[in-house]
Structures are given as structure tokens and as C-alpha cells.
Amino acid sequence: MTYWSGSDDYLKPYVIPEPEVTVTERTDDDECLIIASDGLWDVVSNDVACRVARMCLRSEEVPSRPDGSPFNVARGESSDKACSDASMLLTKLALARRSSDNVSVLVVDLRRIYNHRYNILSSF
């Protein structure tokens, strides 16, 4: 085992123990939530990140197998794939823009959560 007995003082100007947090009232117009590290936000604007996520979530392309036949997937599974695709695309975009920080991205489809909560059929 390796133990660290040195000082972390050299990290103090760069690492802060308090996260940057905002509280926002949800509305019916909210489409998604993007939770990401500085590695994304340092090189991708809010507007661009939202457009990329929206493009993935609004894609009405039905997933298909390599042979071209469609998968028989539920709407939730399609939404999960769209969120995963958006996360990966945003990560690749940050890396392509040479982000100098670690890049972690999570996209949540808020319409799916809202609609499931109120038993409303999602039809975006």
C-alpha cells in the first residue's frame, strides 16, 4: 500500500472543497440537465452543450441492429441511449477542443422523469 504523508498545499489554488451550486425552479419547458466537470465547461459554452444534448434527445431515429433491422425497445431505453449519446458526444467535443482538465459529462432527460412522475405518455 502507498500512503500519502505529504502536504496538499500545492493544490490549494486549484482545488476548492466547495462545489459551485445553483438552485433553479423547474418548469414544464425544461428538457434536460447537463452535469459536467470543468473539463467540458472550460471549452464548450452552455448554448453549444444544450444544442448538442437537444439534438440527441430530439432524434427520432429508431435504434437498429447492424443488419438494419429495428430493435424492439421501449421509449425509456431509447431515452437512455439518447442521454448516453449526448454525454459521449459532449465529452468528445471537449477533448477535440483540447480541454486541459478531466472531462466528465452526465445528461439527464428531464421530460422522461417529469412524464413518468405524472403518468403522462412522452411524445416529444
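Residues numbered from 1 in each chain as written. Predicted model: local features only at pLDDT ≥ 70, side-chain atom pairs only at ≥ 80, totals over all residues. Heavy atoms only, no water.

Draft legend 1. Region of the structure containing a nonpolar patch on the surface. Taken together, the side chains of Leu33, Ile35 and Leu106 make up a nonpolar region of the molecular surface, amounting to roughly 250 Å² of accessible area. The topology assignment puts Leu33 in strand β1 (residues 32-36). (Patch = residues over 30% accessible without salt bridge, like charges linked within 9 Å, V, L, I, M, F, W, Y side chains within 5 Å. Areas by Shrake-Rupley, 256 points an atom, 1.4 Å probe, with all protein chains shown as cover. Salt bridge = Lys/Arg side-chain N within 4 Å of Asp/Glu carboxyl O. Helix = DSSP H or I, 4+ residues; strand = E, 2+ residues; numbered from the N terminus.)

Draft legend 2. Molecular detail of the pattern of salt bridges. Scanning the entire structure with this criterion turns up six salt bridges. Measuring nitrogen to oxygen at the nearest pair gives 3.3 Å for the salt bridge that ties Arg58 to Glu31. Note that Arg58 is positioned in helix α2 (residues 46-58) and Glu31 in the segment before β1, a separation of 27 residues in sequence. Judged by its relative accessible area of 45%, Arg58 falls in the partly exposed class. A salt bridge links Asp109 to Arg111; its shortest N-O distance comes to 3.5 Å. Neither residue differs from the other here; Asp109 and Arg111 are each classed as buried. Salt bridges linked by common partners bring Glu31, Arg54 and Arg58 together as one network. (Buried < 20%, exposed > 50% of the residue type's maximum accessible area, 1.4 Å probe, protein only.)

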